[in-house]
Amino acid sequence: QVLLVESGGGLVQAGGSLGLSCAASGRTFSTYGMGWFRQAPGKERELVAAISSGGGTTYYADFVKGRFTISRDNGKRTVYLQMNSLEPEDTAVYYCAADTSGYSRRLGQYDYWGQGTQVTVSS
């Protein structure tokens, strides 16, 4: 069992920045691929960014490329999402998730999910 706890969401004006953190339980965090997803009201959950177990491979959805950065610290069992140049369209609940089988871009591959943290970007 893996427990994931997100933090760092909040309200920010367009053009601003926020940093999200996701702390994980378990001794094998360093073997998991990790992802950040988001879900806006009335929309499906979508992948924002993913990172491989060692951090050497990352993926970004086109709509966040150049604005968001995913990173991880395996010693702290934490994955991060730095969000810059935020837009109202980024408003959503953001979830971190763990893929115990490795690095994936597919939502269905992720085994464990956090409870989510709200990010609201005002115009």
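As shown above, the structure is provided for reference.
Residues numbered from 1 in each chain as written. Predicted model: local features only at pLDDT ≥ 70, side-chain atom pairs only at ≥ 80, totals over all residues. Heavy atoms only, no water.

## Regarding the overall build of the protein chain
So, point 1. In terms of regular secondary structure, the protein chain is built from zero helices and eleven strands.
So, point 2. Computed over the C-alpha atoms, the radius of gyration of the protein chain is 13 Å, within 12% of the 14 Å expected from 2.2 N^0.38 for a compact globule of 123 residues.
So, point 3. In terms of overall dimensions, the protein chain has C-alpha extents of about 40 × 30 × 25 Å along its principal axes.
So, point 4. When burial is assessed residue by residue, the protein chain has 42% of its 123 residues classed as buried.
So, point 5. Roughly 6100 Å² of accessible area belongs to the protein chain as shown, and the carbon and sulfur atoms make up 45% of that amount. (Helix = DSSP H or I, 4+ residues; strand = E, 2+ residues; numbered from the N terminus. Rg over C-alpha atoms; globule rule 2.2 N^0.38 Å. Buried < 20%, exposed > 50% of the residue type's maximum accessible area, 1.4 Å probe, protein only. Areas by Shrake-Rupley, 256 points an atom, 1.4 Å probe, with all protein chains shown as cover.)

## A few points about the packing of aromatic side chains
So, point 1. This model, assessed by the stated rule, comprises three aromatic pairs.
So, point 2. A centroid spacing of 4.8 Å and a plane angle of 55 degrees characterise the contact between Phe37 and Trp113, whose relative ring orientation is tilted. One end of the pair, Phe37, is in strand β4 (residues 33-39); the other, Trp113, is in strand β10 (residues 112-113), and 76 residues separate them in sequence.
So, point 3. Members of the aromatic cluster, joined through ring pairs, are Phe37, Tyr110 and Trp113.
So, point 4. Residue placement shows Arg45 over the ring face of Tyr95; its charged tip is 3.7 Å from the ring centre.
So, point 5. Here the basic side chain of Arg45 rests over the ring of Trp113, its NZ or CZ set 4.9 Å away from the ring centre. (Phe/Tyr/Trp six-rings, centres within 6.5 Å; stacked < 30°, edge-to-face > 60°. Lys NZ or Arg CZ within 6 Å of the ring centre and 35° of its normal.)

## Some words on the pattern of salt bridges
So, point 1. Overall, the coordinates contain five salt bridges when judged by the stated rule.
So, point 2. Here Glu46 and Arg38 are joined by a salt bridge, their closest N and O atoms 2.9 Å apart.
So, point 3. Of the residues examined, Glu46 reaches a relative accessible area of 31% and is grouped as partly exposed.
So, point 4. Across the pair Arg67 and Glu87 runs a salt bridge, and its minimum N-O distance is 4.0 Å. Of this pair, Arg67 sits in the loop between β6 (58-60) and β7 (68-73) while Glu87 sits in the loop between β8 (78-83) and β9 (92-99), placing them 20 residues apart in sequence.
So, point 5. We classify Arg67 as buried; its relative accessible area is 11%. (Salt bridge = Lys/Arg side-chain N within 4 Å of Asp/Glu carboxyl O.)

## Observations concerning the nonpolar core
So, point 1. Judged by nonpolar contacts, the single largest core of 30 residues is most densely connected at Met34, Trp36, Val79, Leu81, Met83 and Tyr94.
So, point 2. The set of elements that each furnish at least two residues to this core consists of β3 (18-24), β4, β5 (46-51), β7, β8, β9 and β11 (117-122).
So, point 3. With residues near it in sequence (within four places) discarded, Leu81 still touches Leu18, Gly19, Leu20, Trp36, Val48, Ala49, Phe68, Thr69, Ile70 and Tyr94.
So, point 4. With five residues, the next largest nonpolar core counts Phe37, Leu47, Ala50 and Ala97 among its residues. (Core = buried A, V, L, I, M, F, W, Y, C linked by side-chain atoms within 4.5 Å. Contact = heavy atoms within 4.5 Å.)

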